[in-house]
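Letter by letter, the chains look like this.
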Amino acid sequence: MAVAAAMSVFGVDARLNNPYPAEESVDNIVYSSFSERPKHLDPARAYSSDEYGFIAQIYEPPLQYHFLERPYTLVPLTADGMPEVRFFDASGKQLPDSAEAAVVAYTEYEVRLRPGVMYQPHPALAHDGRGRYLYHDLTAKQVDSLRKLDDFAETGSRGLRADDYVYQIKRLADPQTHSPIAGVMAQYIVGFGDLAEKIKSAREQSGTGYLDLREFELSGVEVVDAHTYRVRVKRKYPQFLYWQAMPFFAAMPWEADRFYGQPGLAERNITLDWYPIGTGPFMLAENNPNLRMVLARNPNFHGEAYPVSGEREDEIAGLLEDAGAMMPFIDKAIYSLEKESIPRWNKFLQGYYDNSGISSDSFDQAIQFTTQGDAGLTESMAERGIELTTSVQASIFYMGFNMLDDNIGGGSERARKLRHAISIAVDFEEFISIFTNGRGVPAQGPLPPGIFGHRDGEEGINPYVYDWVDARPRRKPIEAARQLMREAGYDDGIDQQTGRPLVLHFEAVARGPDDKARLNWIRKQFDKLGIQLVVRSTDYNRFREKMLKGTGEIFFWGWNADYPDSENFLFLLYGPNSKAKFNGENASNYANPEFDGLFEKMKNMDNGPERKRIIDRMVNIARRDAPWLWGFHPKSFSLFHSWYRNVKPNLMANNTLKYKRVDPELRHRLREEWNEPVLWPIGMVGGLLVLSVIPAVVSFRRRERSTAL
Amino acid sequence: MIAYIVRRLLYAIPILIGVNLLTFVLFFVVNTPDDIARSQLGDRRVTQEAIDSWKAVNGYDRPIVFNTKVAGVEKLTNTIFFDKSVRLFAFDFGRSDSGRDISYDISQRMWPSLVIAVPTLLVGILVNITFAMLIAFFRATYIDFWGVVLCVILLSISSLFYIIAGQYLLSKLFHLVPISGYDTGLNALKFLILPVVISVIHGIGSGTRWYRTIFLEEIGKDYVRTARAKGLGEGIVLFRHVLKNAMIPILTGVVVVLPLLFMGSLITESFFGIPGLGSYTIEGIQRQDFAIVRSMVFLGSVLYIFGLILTDISYTLVDPRVRFS
Amino acid sequence: MLVLFWTDLLIFVLLAAAIAFSVYAYRREHLRAPWRRVGRSRVAMGALVILSAYVAVGLLDSIHYRQELETRTAGGQSQYSNEVLSLFDWMVMPLKTRGEKTYSAPFATHLYAKETVERADGSQQRLYPRLVFGGAQLRDPAERGADIAQRATIGALKGSALWLLVATFVVQAAAWRSGTGFRLLAAEIRGDLTMTRWRAALLTFLVLLVIVFVAAELSSGYHILGTDKVGESVFYQTLKSIRTGLVIGTLTTLVMLPFAILLGIMAGYFGGWVDDVIQYIYTTLNSIPGVLLIAAAVLMLQVYLDNRSAEFASVAERADLRLLFLCLILGVTSWTGLCRYLRGESLKLREIDYVQAATALGVGHFTIIVRHLLPNVMHIVLITVVLDFSGLVLAEAVLSYVQIGVDPTMNSWGNMINSARLEMAREPIVWWSLFAAFLFMFTLVLAANLFSDAVRDAFDPRLRNR
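Per chain, residues are indexed from 1 in the order of the written sequence. As a convention, the first chain written is A and the first ligand written is 1, with the rest following in written order. Residues qualify for local features only when their pLDDT is at least 70, as the model is predicted, and side-chain atom pairs are given and counted only at 80 or more; totals for whole chains, interfaces and linings, by contrast, use all residues. Neither water nor hydrogens contribute to the side-chain values; these are computed over all heavy atoms in the structure.

Engineer: Give a detailed account of the overall build of chain B, specifying residues and quantitative values.
Structural biologist: The way it works is that DSSP assigns letters per residue, a run of H or I at least four long becomes a helix, a run of E at least two long becomes a strand, and they are numbered from the N terminus. When its secondary structure is counted, chain B shows 14 helices and zero strands. Of the regular secondary structure in chain B, the N- to C-terminal order runs α-α-α-α-α-α-α-α-α-α-α-α-α-α. Since a compact globule built from 325 residues should have a radius of gyration of about 20 Å, the 25 Å found for chain B marks it as more spread out than a globular shape. A 1.4 Å probe rolled over the protein chains alone gives each residue an accessible area, and that area as a share of the maximum for its type sets the label: buried under 20%, exposed over 50%, partly exposed in between. Classification of the 325 residues of chain B by burial places 55% in the buried group. Restricting the calculation to C-alpha atoms gives the radius of gyration, and the globule rule supplies 2.2 Å times the number of residues raised to the power 0.38.

Engineer: Please provide a residue-by-residue account of the overall build of chain A, values included.
Structural biologist: Counting its regular elements, chain A contains 22 helices and 26 strands. At 30 Å, chain A has a C-alpha radius of gyration in line with the 27 Å of a compact globule built from 709 residues. Its C-alpha atoms put chain A at 105 × 80 × 55 Å along the principal axes. Here chain A holds 709 residues, and the buried ones make up 59% of them. For chain A, the exposed area adds up to about 27,900 Å²; of that, 52% sits on carbon and sulfur atoms. A residue counts as positive if it is Lys or Arg and as negative if it is Asp or Glu; His and the chain ends are not included. By convention, the charge on Lys lies at NZ, on Arg at CZ, on Asp at CG and on Glu at CD. Charged side chains of chain A number 84 positive and 96 negative; the gap between the two group centres comes to 4 Å. What sets the accessible areas is the Shrake-Rupley method with a 1.4 Å probe; for residues, cover comes only from the shown protein chains.

Engineer: Quick one: what's the story with the pairing of strand 6 (residues 106–112) of chain A, residue by residue and with numbers?
Structural biologist: Residues and elements named next belong to chain A. Most of strand 6 sits out of view: five of its seven residues are buried. Pairing between two strands requires that DSSP report at least two bridges joining them. In terms of strand pairing, strand 4 (residues 84–88) meets strand 6 through five bridges, oriented antiparallel. Note that in strand 6 the partner of Glu84 across the bridge is Glu110. Relative to strand 8 (residues 228–234), strand 6 runs antiparallel, the two being bridged by seven bridges.

Engineer: Could you give me a rundown of the packing of helix 6 (residues 102–137) of chain B against helix 9 (residues 189–219) of chain B, with the residues and numbers involved?
Structural biologist: Angle between the axes and distance between the axes: these two values describe a pair of packed helices. All names here are of chain B. As a rule, the C-alpha atoms of each element are fitted with a line to give its axis, helices using only the stretch in contact, and angles between N-to-C directions run from 0 to 180 degrees. Relative to each other, helix 6 and helix 9 sit at 40°, their axes nearing to 6 Å. Taken together, helix 6 and helix 9 sit at an angle that is classed as oblique. Here helix 6 runs over helix 9; the crossing is right-handed. For the contact of helix 6 with helix 9, the residue count by class is 21 nonpolar, seven polar and one charged. The labels follow the angle: roughly parallel below 35 degrees, roughly antiparallel above 145, roughly perpendicular from 65 to 115, and oblique for the rest. By definition, turning the near helix anticlockwise from the far helix through less than a right angle yields a left-handed crossing, and turning it clockwise yields a right-handed one. Here the term charged refers only to Asp, Glu, Lys and Arg, the term nonpolar to Ala, Val, Leu, Ile, Met, Phe, Trp, Tyr, Cys and Pro, and the term polar to all other amino acids, Gly among them.

Engineer: Let's hear about the domain arrangement of chain A: which residues, and what values?
Structural biologist: One can read the domain layout of chain A as domain 1 (2–17 + 677–708), domain 2 (42–266) and domain 3 (395–636). For domain 1 of chain A versus domain 2 of chain A, the separation of C-alpha centres amounts to 65 Å. An automatic or database domain assignment is the source of the domain bounds shown.

Engineer: Please provide a residue-by-residue account of the environment of Leu125 of chain A, values included.
Structural biologist: All names here are of chain A. Mapped onto the secondary structure, Leu125 falls in the loop between strand 6 and helix 3 (140–144). Note on Leu125: relative accessible area 1%, which makes it buried. Separated by 128 residues in sequence, Leu125 and Pro253 have C-alpha atoms that sit 8.8 Å apart. In what follows, a contact means two residues having at least one pair of non-hydrogen atoms within 4.5 Å. Each residue touching Leu125, except ones within four places of it in the same chain, is listed here: Tyr119, Gln120, Tyr133, Gly156, Ser157, Arg158, Pro253, Glu255 and Ile277.

Engineer: Which residues make up the confidence of the model for chain A, and what values go with them?
Structural biologist: Residues and elements named next belong to chain A. Confidence per residue, as judged by the predictor, is encoded in pLDDT with a range of 0 to 100. Mean pLDDT over chain A stands at 85; residues scoring 70 or higher make up 93%. Predicted confidence in chain A is weakest over helix 1 (residues 2–10), with a mean pLDDT of 43, and strongest over strand 2 (residues 63–65), with 94. For residues 1–12, every residue scores under 50 in pLDDT, and the model assigns this stretch eight contacts once sequence neighbours within four places are set aside. Across residues 358–374, where pLDDT falls below 50, the model places 56 contacts with residues more than four positions away in sequence or in other chains.

Engineer: Pulling in residues and values, what's your account of the interface of chain C and chain B?
Structural biologist: For an interface, size is often stated in terms of accessible area lost upon the parts coming together. The interface is formed by 42 residues belonging to chain C together with 40 residues belonging to chain B. Once two parts are joined, some of their accessible surface, as seen by a 1.4 Å probe, is lost; buried area is that loss totalled over both. Interface of chain C and chain B: buried area, both sides summed, is about 3,700 Å²; carbon and sulfur atoms make up 76% of it. Throughout this description, the term salt bridge denotes a Lys or Arg side-chain nitrogen within 4 Å of a carboxyl oxygen of Asp or Glu. On inspection of chain C and its partner chain B, the count reaches one salt bridge. With a closest N to O distance of 2.5 Å, Arg209 of chain B and Asp453 of chain C form a salt bridge.

Engineer: Help me get a handle on the domain arrangement of chain B, residues and values and all.
Structural biologist: All names here are of chain B. Looking at chain B, the domain boundaries give domain 1 (2–90) and domain 2 (103–318). Computed from C-alpha coordinates alone, the two centres of domain 1 and domain 2 are separated by 36 Å. The interface of domain 1 with domain 2 comprises 21 residues on the first partner and 17 residues on the second. Interface of domain 1 and domain 2: buried area, both sides summed, is about 1,700 Å²; carbon and sulfur atoms make up 73% of it. Of all residues in domain 1, Arg8, Phe27 and Leu88 bury the most surface against domain 2, accounting for 29% of the area lost on that side. If you look at where domain 1 meets domain 2, you find zero salt bridges. Distance and chemistry together define a polar contact, namely a pair of N or O atoms within 3.5 Å, with one atom able to donate a hydrogen and the other to accept it when in protein, and with adjacent residues in sequence counting only for side-chain atoms on both sides. Inspection of the region where domain 1 meets domain 2 yields zero residue pairs in polar contact (both at pLDDT 80 or more). Only helix 1 (2–30) and helix 2 (33–41) provide two or more residues apiece to the side of domain 1 that touches domain 2. For the side of domain 1 that touches domain 2, the element with the most residues is helix 1, which contributes 13 residues. Of the residues in the side of domain 1 that touches domain 2, the class split is 14 nonpolar, five polar and two charged.

Engineer: An account of the sheet that holds strand 13 (residues 332–337) of chain A is requested, with residue identities and associated values reported.
Structural biologist: Residues and elements named next belong to chain A. Within the open sheet, the four strands sit side by side as 1-13-10-9. Their pairing is mixed. The open sheet has two edge strands, strand 1 (29–34) and strand 9 (282–288), and neither has a second partner. Taking the axes of each pair of neighbouring strands and ignoring which way they run, one obtains an average angle of 20° across the sheet. Pairing analysis gives five bridges linking strand 10 (residues 292–297) to strand 13, with the strands arranged antiparallel.

Engineer: A description of the packing of aromatic side chains should follow, citing residues and the corresponding values.
Structural biologist: Residues and elements named next belong to chain A. The aromatic pairing rule takes the rings of Phe, Tyr and Trp, using the six-membered ring of Trp, and pairs them if the centres are within 6.5 Å, calling planes under 30 degrees apart stacked, those over 60 edge-to-face and the rest tilted. Overall, the coordinates contain 55 aromatic pairs over all chains when judged by the stated rule. Judged by centre distance (5.5 Å) and plane angle (10°), the ring pair of Tyr165 and Tyr229 falls under stacked. Of the two residues, Tyr165 is situated in helix 4 (residues 162–173) and Tyr229 in strand 8; the sequence distance between them amounts to 64 residues. The residues Tyr165 and Tyr229 share a single accessibility class, namely buried. Between Phe428 and Phe431 the ring centres are 5.3 Å apart and the planes differ by 55°, which places this aromatic pair in the tilted class. One end of the pair is Phe428 and the other is Phe431, both in helix 13 (residues 428–435) and three residues apart, which spans about a single turn.

Spelled out as structure tokens, the structure:
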């Protein structure tokens with residue numbers, strides 16, 4: 001009562017449990033959450049989805065993925081049309097587009113930028129009108145008065161130029177940037193390695209301060225005119241275009257490095273890693289990752305129209321209602337820090353988050369799971385108009401066998417049979433239904449659905465583990481696995497040569513409360529074959545170390561695609577990529593000369609029937625050798641409220657915030673409806689207190705009187 | 001007295017060195033500099049060169065406490081330990097492994113911790129004293145007995161249950177307060193209610209029981225009997241005399257914890273998403289950011305020692321018979 | 001084949017020490033007297049019965065063995081399973097093995113989630129499937145209420161009958177010892193006239209037995225506390241957690257006790273530089289925030305365990321070592337209080353005339369410490385041990401929450417609460433794991449708190465305000 005009265009007195013019309021200021025209730029804002037501070041916001045360093053969730057809205061590489069169309073297709077972003085590709089032979093002669101991959105010595109990509117792209121307002125670009133930058137030569141005194149980027153009074157902007165993209169490529173090469181893809185790019189971009197060496201030696205002389213990378217030459221990259229640049233790549237490397245859609249290759253004005261490189265700024269926490277500068281639809285208006293991150297509309301945004309075409313279902317789903325409209329549709333996106341899953345989940349239910357957040361891991365709870373793997377919303381949630389989208393991710397979780405191991409690894413028939421037996425015994429359908437709430441599909445090979453080379457239906461099943469029954473793959477019966485064990489000389493798990501039970505070791509990373517159940521489950525699977533599984537659980541650092549040394553036996557790991565190409569998955573099985581031997585990403589250290597040969601052939605090919613044939617062969621070889629137990633491809637689930645529109649899962653594109661639309665009026669109305677305060681408990685507690693005081697007062701009086709007497 | 005304080009402060013130095021050394025050894029046994037580099041550089045496609053270069057830039061390429069490669073005093077000074085810990089004594093925390101200025105982060109995150117901890121402390125004392133007084137007043141009656149039993153029950157419940165139940169009832173069922181979060185300025189008020197209420201309720205059990213024994217001890221003293229003999233009512237005796245005298249042990253008990261209020265509460269802060277120093281420490285551990293862990297351990301130790309000195313001083317102020325020795 | 005874990009060993013050492021001490025104390029009146037005072041408290045006697053029940057479960061759960069496999073080696077030698085079981089597991093084997101597919105509520109007959117089920121006519125339907133074990137004996141789930149009532153009654157009757165038997169035996173034995181007649185003693189107990197409050201103890205015992213038997217009866221037909229994510233009985237988990245809680249509560253103080261006592265007394269007795277060094281050590285340890293110290297130490301242990309991972313035959317063995325180490329490190333962070341306390345006490349005792357006299361007579365320091373100081377500070381040690389117990393049980397839950405507690409693969413209340421956090425966010429809510437952990441933990445801690453209060457009052461009323 002009193003609370004209600006107080007509310008009306010102060011004229012507050014938002015609910016008591018509204019975590020946001022009442023005055024922004026009907027603003028055009030997207031509310032979401034993040035669970036951990038993004039480590040890097042520098043596009044040359046960021047390499048994880050939570051970081052991309054922010055910087056992909058801010059930085060713009062030349063290309064992007066089409067929001068609606070599938071399979072994933074690249075479309076221009078800041079580029080004016082797709083890059084022009086030219087092939088050259090070793091003597092520098094241009095080759096026709098149909099040239100064989102073997103004769104191509106260089107590939108040249110020419111990117112032409114669209115005109116009229118401007119940077120967000122930023123102090124690094126502020127100048128005094130006569131072309132002199134205001135903040136490029138700060139005095140120590142000036143620096144002392146700074147605490148955050150907003151402390152700079154003036155901001156400026158300028159048009160996007162081709163050399164901004166070239167500058168960023170040079171930054172990737174700079175050893176001090178610590179870009180995770182520097183090693184990969186050195187293999188492909190002409191002159192990249194030399195540049196890295198040159199910068200390194202220059203740094204050795206000048207120290208760690210600012211270095212003007214414009215003065216260094218990168219032989220494979222050329223600025224043609226203000227809006228055109230060319231990148232020259234060794235041999236044929238079609239995947240290079242995919243890289244051009246990642247923030248690594250976004251534009252970076254040299255002024256940013258010059259500005260942030262001034263002495264003293266890093267000590268004041270003013271760094272490029274903290275305050276981005278981009279051309280995208282949003283800019284980082286508030287960066288307080290202990291509390292919230294706010295993206296606000298970039299006033300200088302060049303404008304982009306919502307796509308006009310999509311898949312057939314998109315039309316029905318209403319995803320094309322905004323076709324042709326100018327984006328972005330929202331003014332602001334507020335991301336709040338939410339570490340615990342209970343509060344986050346409840347706030348979503350109360351309508352204070354529009355969607356289930358950037359990392360949707362802990363949101364699996366909401367979904368009713370079934371053993372068949374289809375999922376639906378609970379009834380109470382469907383009543384509230386909450387919607388759900390699912391899609392199979394371009395990733396794989398697998399159980400790897402260390403091929404260097406004596407027991408389980410190696411190319412012998414015996415070990416292969418053992419691996420096949422285990423592959424049958426470990427029932428990943430059950431794993432998915434118990435531990436991921438049905439959020440996954442069992443993998444038949446290394447390639448997830450939606451990636452070129454993946455096959456659906458009967459021809460796509462792994463014949464060593466599955467049968468095709470009733471128009472769906474069915475795991476072979478456990479008896480088949482036992483038979484394989486007998487053939488391998490391990491009847492009932494007893495090694496017939498030594499008479500001892502077969503003991504295998506599983507390297508597990510135990511962190512959370514769920515791990516106990518998971519490890520027990522895995523042990524039970526091996527138990528079916530009579531194999532004694534010893535689980536060695538450890539922390540992630542130690543696990544990684546074991547993988548690097550190649551001392552593990554069986555392990556569980558995963559891979560997220562960088563880009564939707566089969567090369568990005570098959571290279572995980574490529575011999576020269578072995579983790580133990582060459583510090584690569586092939587953690588099971590699988591090496592099969594035939595597979596490796598085919599890989600070298602397919603990786604430079606364009607998608608087509610020929611490539612598909614090679615991929616099929618490779619997948620079959622891998623299935624036969626079974627260096628992995630193929631595991632499953634996780635499904636991403638995204639929950640969102642009825643006022644949140646234009647949601648379509650896009651696993652490759654990260655810059656999807658600009659497509660989103662909210663209906664703030666509806667949101668406000670529903671929030672009010674769902675969060676009516678329940679006041680009687682306050683009254684009840686108060687009443688109880690009063691009631692309990694009465695006997696106390698009575699006996700107090702009595703006592704007073706008795707002592708007075 | 002000043003001489004005494006100076007002596008105590010000097011005495012703190014070897015303790016702080018010991019604390020620092022212990023943290024270093026513990027931490028570096030767990031994490032090699034390579035691990036630290038990897039956790040900063042990320043997981044995928046990281047080369048050994050990148051790791052080496054990161055270590056060189058961040059000064060982790062030297063031995064930890066003893067350098068055999070150089071001569072003389074350098075053996076001890078040209079090490080990670082010396083380089084990173086000596087500056088701490090000037091309260092220069094340097095930069096975290098991810099490149100942030102730690103002093104600034106601490107100065108920012110100190111306030112949310114205080115904003116939660118101070119009201120909790122004050123309200124807690126008030127509530128506990130009230131309950132303890134009530135129980136003491138009705139001593140040796142059924143109210144006393146059940147009051148104490150209730151206290152024992154309250155303190156037998158794990159703090160996690162209080163938080164989970166509190167969030168569930170007040171936020172989820174009754175929609176009275178935001179379930180978690182924090183804001184600056186006056187907006188912070190609505191976020192404070194729940195954590196403060198929960199922390200206070202959690203503290204009632206032990207607090208009330210402790211204060212009750214203090215009151216009972218005071219009540220047993222001669223001056224209370226004298227007061228009663230003068231014909232004063234029981235209530236007046238309790239309020240005027242017992243409470244006044246009992247405040248001495250209560251307040252000295254409070255002084256010890258005062259400095260540590262800065263450090264915040266790990267559990268409360270992470271459950272309610274409050275950006276205080278408690279969650280900062282947890283983050284440091286989880287991200288294996290050694291620079292943060294080291295700074296927080298150092299700060300914690302300094303505050304602890306400071307608390308001890310404060311207590312000593314408060315004893316002498318309250319009871320002049322105690323001398324500095 | 002018997003398996004002896006480190007904590008098992010220590011538990012039995014502790015048990016032996018406790019028995020030895022009680023035999024020793026029983027013979028000496030000045031040591032017996034305070035325990036008599038404890039016996040005069042009704043609450044303490046009730047709490048003691050409950051604590052004994054917990055301890056009994058904990059002890060049974062500390063006798064480990066490995067099942068022999070059916071197969072034998074070529075040489076005819078026996079082979080043993082990798083899984084380590086305990087005597088307690090053997091006793092409650094049905095609880096362990098009768099798992100469901102996934103969540104089910106307490107006393108449920110159906111799973112907690114819908115599944116698509118193929119019916120006889122080939123059509124598919126989404127419904128809540130029947131449990132494999134829970135309520136499987138019922139033809140019609142509607143009979144459940146009657147079935148539960150029937151089982152509960154049988155259980156209650158069995159429990160009461162057994163109680164009657166035990167109570168008669170106990171009273172008879174006591175009557176025989178004290179020389180009073182059975183009837184007289186029984187009447188005294190009924191009227192609560194005995195010095196030691198047997199009535200409270202026996203009544204608690206009755207309640208306990210009834211609960212145990214009702215639970216056992218019901219467990220044969222239902223999952224009385226539901227099942228967890230992988231369908232394991234929550235009742236079983238929470239029973240298994242008892243041992244973890246007890247180990248943390250007792251071994252922690254025990255492992256550090258020698259240090260605390262020795263260093264504390266030495267500091268107080270010798271004074272001078274010894275005192276300085278010891279004070280330096282404990283101030284330093286004390287000033288590091290406990291959580292950080294524990295976190296670092298637990299991580300360090302991980303490294304140690306990983307470097308020797310080949311030496312561990314099973315997850316349980318590793319988990320056990322981690323538990324032991326956690327006790328050690330918790331001990332390191334908590335011994336300082338006792339040490340400081342003992343130092344103060346020894347400072348006082350040093351000045352007492354008989355110690356002075358002994359020194360003057362040239363008695364060795366060691367003898368003085370053992371003969372004169374140690375016996376006079378033992379009550380402080382005892383009170384600290386008892387008082388710390390409940391705090392440590394609670395601390396385990398919090399540490400597991402920060403993920404630096406016991407091994408995630410180990411059954412413990414902390415781990416249960418930790419995973420229940422995620423379940424609380426389910427729709428509809430899964431509350432029984434949290435409830436079970438709460439119930440068992442609360443009962444233990446409450447009993448321990450009530451008992452420790454009585455012990456403290458009996459041994460040293462002056463220490464009440466500590």
